[in-house]
Amino acid sequence: MTLGEQGHSEEHRRLELALDAAGLGEFEWDLTRGLFVVSERMAAITGLPQGPMPAESTRTLEPFIHPEDLAQFRASKDSQRPAGGVYEFEFRHVRPDNGRTVWVRVAGVVSRDPQSKARNVTGIVEDITQHRLEDDQRQTLMAELDHRVKNVLATVQALAVQTARRTTSLEAFLQNFAGRLKAMGSANELLTAARWRGAAIDHLAAAELGAIAPGQTSWEGPELFLTPRAANALALGLHELAANALKFGALSVETGRVYLRWGRCADGGFELTWTESGGPTVSPPVRRGFGSTLLEQVTSRELNGQTVIDYRPAGVVARLSAGAAAVAPRPETVPEAPVTRIPETVTTSAGPASLRGARVLIVEDAVLLAMELETGLSDAGAEVVGPAYELEEALALLNQPLDAAVLDANLNGHSVTPVAEALAARGVPFVFATGYGEAAGAPGGFDAPVIRKPYDVTQVAAAVAELLQVKTPHPKGRP
């Protein structure tokens, strides 16, 4: 073997290794003799017999292309012909050995003689079935996400309209609407954690009642897993009962108690009972509000059951029944119960928080939210610095005098941790405002207040006012 032959052999060996590593099969098409040569690797991918086969034109190979892809293949071939020597196609290929359909990508380079007549084609074949399946799954997921987002937006719009029609002031509307959005948000977090298969009923109870009045609420019942539709409906229903109890019922005084219990029904559904005690004497309401409509119509219909509210003098008792369609099969693994939520801000007789004279930095990448925060904090008397919409903008504002900050956890894909670390080093307190779920915790391990979106701006103002009275949060484990 000559030196040249050895070099050629080594080059051929490296090419073979590269083709194996890439999972590619190669072919040679001698157009002059009308022979299509299938390599061993291509035979393994396509099921075509290894070796030469007669092929005068591409029509000889068309029987191996899925009938539904033939028209596109021909159109693609014609469109690529004027480009010259490189062709590339993707289509479904029907394997002749077992009849199985696979997606393949075929790419080839045409060699021509001095008269520009096509002489042969050298190319490769790749099995892209898995890639196409993943693409199809992504498209399906995007379509499902689009559907859910539109449903959520339509629900929020309807909730806003119905709340506005039944409130007498802007302040009441904002408070009621924000609370209902919060209930939807907590249910959504639970559904997302369970990949939208549903939510456990005890997790819903914990998310809605766990923080509003520590020590005054309790719940128990058998394990039940609800469908996404039923979970959203029950979350709204529990929120309405809790909001009413905070304003007028058992949770409006320290001696009051709320006890929640549920049980299975013979038809496969369940019944839930809300019992209040130890609060003010109760009398039936003189005016029917949207909360009652939500409970008695929306929640009942979504649960395929009914709601009955009994305004007993000793305390409200509400019974929510649900049909079997509201209960979903319990998955093998259910996410852990959520940690206690930060309670919603409830306006008291002391009035809204005062931030008069405080310089507060706003770091938020959503323009509308930043505008809302700027208005709310300014109304509370703060001098707003920013808002900063990008990480670089926020870092550039840190050389100014600052008393506190409100930080979005994620700024267009970048963690806000560098800003938090710089603020902590300067002794400037801050609060995180984030759309991430409960499990995410505070970014960077900071032991700092976290307010979950959607939030009420007055809640943020109150949190900032409280921050100005305590020391700066530091990352856990640091001095």
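Higher on the page you've got the structure.
Residues numbered from 1 in each chain as written. Predicted model: local features only at pLDDT ≥ 70, side-chain atom pairs only at ≥ 80, totals over all residues. Heavy atoms only, no water.

*Asks:* Explain the overall build of the protein chain to me, please; I cannot follow it from the model alone.
*Replies:* Within the protein chain, the secondary structure is distributed over 12 helices and 20 strands. Here the protein chain holds 479 residues, and the buried ones make up 43% of them. When contacts within the protein chain are restricted to residue pairs at least 6 apart in sequence, those whose partners lie at least 24 apart make up 60%. Accessible area for the protein chain stands at about 25,600 Å²; split by element, carbon and sulfur atoms hold 54% of it. (Helix = DSSP H or I, 4+ residues; strand = E, 2+ residues; numbered from the N terminus. Buried < 20%, exposed > 50% of the residue type's maximum accessible area, 1.4 Å probe, protein only. Contact = heavy atoms within 4.5 Å. Areas by Shrake-Rupley, 256 points an atom, 1.4 Å probe, with all protein chains shown as cover.)

*Asks:* Is there a simple way to explain the nonpolar core in this structure?
*Replies:* General note: in soluble globular proteins, nonpolar side chains tend to be found buried as a group. Among the nonpolar cores identified, the biggest contains 33 residues, and I201, L234, L260, F270, L272 and W274 are the most heavily contacted of them. Taken together, the elements giving at least two residues each to this core come down to helix 6 (201-209), helix 7 (228-247), strand 10 (257-264), strand 11 (270-277) and strand 13 (315-322). Counting residues per element, this core draws most heavily on helix 7, which supplies nine residues. Those residues in contact with L260 that sit more than four places away from it in its chain are A205, L209, S218, W219, E220, L238, L272, T273 and W274. (Core = buried A, V, L, I, M, F, W, Y, C linked by side-chain atoms within 4.5 Å.)

*Asks:* Is there a simple way to think about the sheet that holds strand 6 (residues 118-127) in this case?
*Replies:* Strands in a sheet are paired, the pairing made by backbone hydrogen bonds, and the direction either parallel or antiparallel. Pairing within the open sheet is antiparallel, and its six strands lie in the order 3-2-1-6-5-4. Two strands lie at the open edges of the sheet, namely strand 3 (51-54) and strand 4 (86-94), each paired on one side alone. Taken pair by pair, the neighbouring strands of this sheet meet at an average axis angle of 25°, ignoring direction. Here four bridges tie strand 2 (residues 35-38) to strand 3, and the two strands are oriented antiparallel to one another. Across the sheet, V37 pairs through a bridge with P52, a residue of strand 3. (Pairing = 2+ DSSP bridges. Axes fitted to C-alpha atoms, helices over the stretch in contact; angles between N-to-C directions.)

*Asks:* Sorry if this is basic, but what is going on with the environment of A326 here?
*Replies:* Mapping A326 onto the fold places it in the loop between strand 13 and strand 14 (359-363). Expressed as a C-alpha distance, the spacing of A326 and F270, which sit 56 residues apart in the sequence, is 8.6 Å. In contact with A326, other than residues within four places in its own chain, are F225, L226, T227, A230, F270 and L303.

*Asks:* Just checking my understanding: could you explain the pattern of salt bridges for this structure?
*Replies:* Side-chain pairs of opposite charge can arise where the charged atoms are in close proximity. Taken as a whole and judged by the stated rule, the model has 14 salt bridges. A salt bridge links E62 to R59, with the nearest nitrogen and oxygen atoms 3.8 Å apart. On the basis of relative accessible area, E62 is assigned to the buried category, the value being 7%. For R59, a relative accessible area of 56% corresponds to the exposed category. R95 is the partner of D97 in a salt bridge, and the nearest nitrogen-oxygen pair spans 2.7 Å. Look at R95 and you get buried, because its relative accessible area is 10%. (Salt bridge = Lys/Arg side-chain N within 4 Å of Asp/Glu carboxyl O.)

*Asks:* Help me understand the side chain of D408 in this model?
*Replies:* One can find D408 in strand 16 (residues 404-408). Judged by its relative accessible area of 5%, D408 is buried.

*Asks:* For this particular structure, what's the right way to read unusual backbone geometry?
*Replies:* One can expect most non-glycine residues to show negative phi and most peptide bonds to be in trans. Cis peptide bonds are those with omega within 30 degrees of zero, and the linkage from G386 to P387 qualifies with 0°. Assignment of secondary structure puts P387 in strand 15 (residues 383-388). Of note in this structure, N304 is not a glycine but carries a positive phi near 60°. Relative to the assigned elements, N304 resides in the loop between helix 8 (290-302) and strand 12 (306-312).

*Asks:* How should I be thinking about the packing of helix 9 (residues 367-379) against helix 12 (residues 457-467) in this particular structure?
*Replies:* Helix 12 packs onto helix 9 with a crossing angle of 60° between their chain directions and a minimal axis gap of 9 Å. One element, helix 9, and the other, helix 12, form an angle in the oblique class. Seen from above, helix 9 lies across helix 12 with right-handed handedness. Seen from helix 9, the contacting residues are E372, L373, G376 and L377; seen from helix 12, they are V457, V460 and A461. Of the residues in the contact of helix 9 with helix 12, the class split is five nonpolar, one polar and one charged. (Parallel < 35°, antiparallel > 145°, perpendicular 65-115°, else oblique. Left-handed = near helix turned anticlockwise from the far one by under 90°. Nonpolar A, V, L, I, M, F, W, Y, C, P; charged D, E, K, R; others polar.)

*Asks:* What am I meant to see in the packing of aromatic side chains here?
*Replies:* Given two aromatic rings, their pairing is described by the distance between the two centres and the angle made by the two planes. Under the defined criterion, the tally for this structure stands at six aromatic pairs. When the ring of F73 is compared with that of F89, the centres are 4.9 Å apart and the planes differ by 50°; the resulting orientation is tilted. Here F89 lies in strand 4 and F73 lies in helix 3 (residues 70-80), a separation of 16 residues in the sequence. Residue classification places F73 among the buried residues on the basis of a relative accessible area of 10%. Of the residues examined, F89 reaches a relative accessible area of 11% and is grouped as buried. With 6.1 Å between their ring centres and 20° between their planes, Y87 and F89 make a pair best called stacked. For the residue pair Y87 and F89, the accessibility class agrees, reading buried in each case. Members of the aromatic cluster, each reached through a chain of ring pairs, are F73, Y87, F89 and F91. (Phe/Tyr/Trp six-rings, centres within 6.5 Å; stacked < 30°, edge-to-face > 60°.)

*Asks:* Mind showing me how you'd approach a nonpolar patch on the surface here?
*Replies:* Among the surface-exposed residues, V367, L368 and M371 lie close enough to one another that they form a single nonpolar patch of about 320 Å² accessible area. On the secondary structure map, V367 appears in helix 9. (Patch = residues over 30% accessible without salt bridge, like charges linked within 9 Å, V, L, I, M, F, W, Y side chains within 5 Å.)

*Asks:* Would you mind showing me how to read the sheet that holds strand 13 here?
*Replies:* The strand order 8-10-11-13-12 describes an open sheet built from five strands, whose pairing is mixed. Only two strands of the sheet have a single neighbouring strand rather than two, namely strand 8 (217-220) and strand 12. Between one strand axis and the next, the sheet turns by 10° as a mean value, whatever way the strands run. Bridge analysis of strand 12 against strand 13 gives seven bridges, and the strand direction is antiparallel. Within strand 13, the residue paired with Y311 across the bridge is V316. Contacting strand 10, strand 11 and strand 13, helix 7 crosses the sheet at an angle of about 10° to strand 11.

In short, shape yes, function no, at least from these values alone.
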